[in-house]
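Examination of the molecular architecture
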Amino acid sequence: ELLPVKSRKAPPRTVAQTVYLIFCRGRVLMTRRTENLLKNLWVYPMAEKGASLPFPLPGEGTPLCRARHVFTHLIWEMEVRRVTVDAPFQAEGFVWVTADEMAELPMPTAVRAAREQAEALLCPQVVPLAETDLPAAARAWALSWQAAHRSHSDPSFVALHNPAHMEAALRAHLRSGGVSYALSLHGEVCGLMNLN
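All values reported here derive from a predicted model rather than from experimental measurement. (Residues numbered from 1 in each chain as written. Predicted model: local features only at pLDDT ≥ 70, side-chain atom pairs only at ≥ 80, totals over all residues. Heavy atoms only, no water.)

A few points about the overall build of the protein chain
Of the regular secondary structure elements, the protein chain holds 5 helices and 10 strands. Relative to the globule expectation of 16 Å for 196 residues, the C-alpha radius of gyration of the protein chain, 23 Å, shows a markedly less compact shape. Projected onto its principal axes, the C-alpha coordinates of the protein chain cover approximately 95 × 35 × 30 Å. When the 196 residues of the protein chain are sorted by exposure, 39% land in the buried category. Of the accessible surface of the protein chain, which amounts to about 12,200 Å², a share of 54% is contributed by carbon and sulfur atoms. In the protein chain, 20 side chains carry a positive charge and 18 a negative one; their mean positions are 6 Å apart. (Helix = DSSP H or I, 4+ residues; strand = E, 2+ residues; numbered from the N terminus. Rg over C-alpha atoms; globule rule 2.2 N^0.38 Å. Buried < 20%, exposed > 50% of the residue type's maximum accessible area, 1.4 Å probe, protein only. Areas by Shrake-Rupley, 256 points an atom, 1.4 Å probe, with all protein chains shown as cover. Lys, Arg positive; Asp, Glu negative; His and termini not counted. Charge placed at Lys NZ, Arg CZ, Asp CG, Glu CD.)

Focus: a nonpolar patch on the surface
Taken together, Val126, Val179, Leu183, Met193 and Leu195 make up a surface patch of nonpolar side chains, about 380 Å² in accessible area. The set of elements that each furnish at least two residues to the nonpolar patch consists of strand S9 (179–185) and strand S10 (188–195). The residue valine 126 is located in strand S8 (residues 125–128) in this model. By relative accessible area, which is 54% here, valine 126 ends up exposed. (Patch = residues over 30% accessible without salt bridge, like charges linked within 9 Å, V, L, I, M, F, W, Y side chains within 5 Å. Salt bridge = Lys/Arg side-chain N within 4 Å of Asp/Glu carboxyl O.)

Digging into unusual backbone geometry
In the Ramachandran plot, arginine 25 falls in the positive-phi region, its phi being about 50° despite a non-glycine side chain. The class for arginine 25 is exposed, based on a relative accessible area of 65%. Positive phi, normally seen in glycine, also occurs at asparagine 40, with a value near 70°. Position of asparagine 40 relative to the elements: it lies in the loop between strand S2 (27–32) and strand S3 (42–43). Accessibility expressed as a relative area gives 39% for asparagine 40, which makes it partly exposed.

Structural notes on the sheet that holds S10
The 3 strands are arranged S8-S9-S10 in an open sheet whose pairing can be described as antiparallel. In this open sheet, the two strands that pair with only one neighbour each are S8 and S10. For this sheet the average axis-to-axis angle between neighbouring strands, irrespective of direction, equals 30°. Inspection of the sheet shows S8 paired to S9 by 4 bridges, in the antiparallel sense. When the bridges of S9 are listed, glutamine 125 appears paired with serine 184. (Pairing = 2+ DSSP bridges. Axes fitted to C-alpha atoms, helices over the stretch in contact; angles between N-to-C directions.)

Right, here's the structure in full:
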């Protein structure tokens, strides 16, 4: 009546992890796991709290979200952080992938929240222009306008179309009933569409 005797399972151990979404020029850094847990699946760079990655980062990044994943013997409490670098770097075992390439990779559900954040930041979005985005939209508009007119316009005329001038024009456009949309890429405004 007593057999078999089942030993009580130890409760799962909780591990605090930081997941880094490292972006550069429309790509995100990923690695294929070699550890037994989630072996051969693709994930973003991650480190237990207090540990460092195998390469240096320019700061700790911006917090994006928190997620939790329960394995049979382990619980990952994850904080997802965003880091942007100016130039791609080489790190053994890591590759830079586009949104399309990322979509083809086998990834575990444990990093679903991070994947959703990465997809949103890699794919351009068109949204109604918010008041807080006016300076960034004006900068993008000025850079685009100057690049388009630099080769065939007087330099002093081109210089007049600077971010401050474009922001004033944009505010006047919105006050007169015009509608503007911002193109956002990697979480930053990089383009503008004005409708009359």
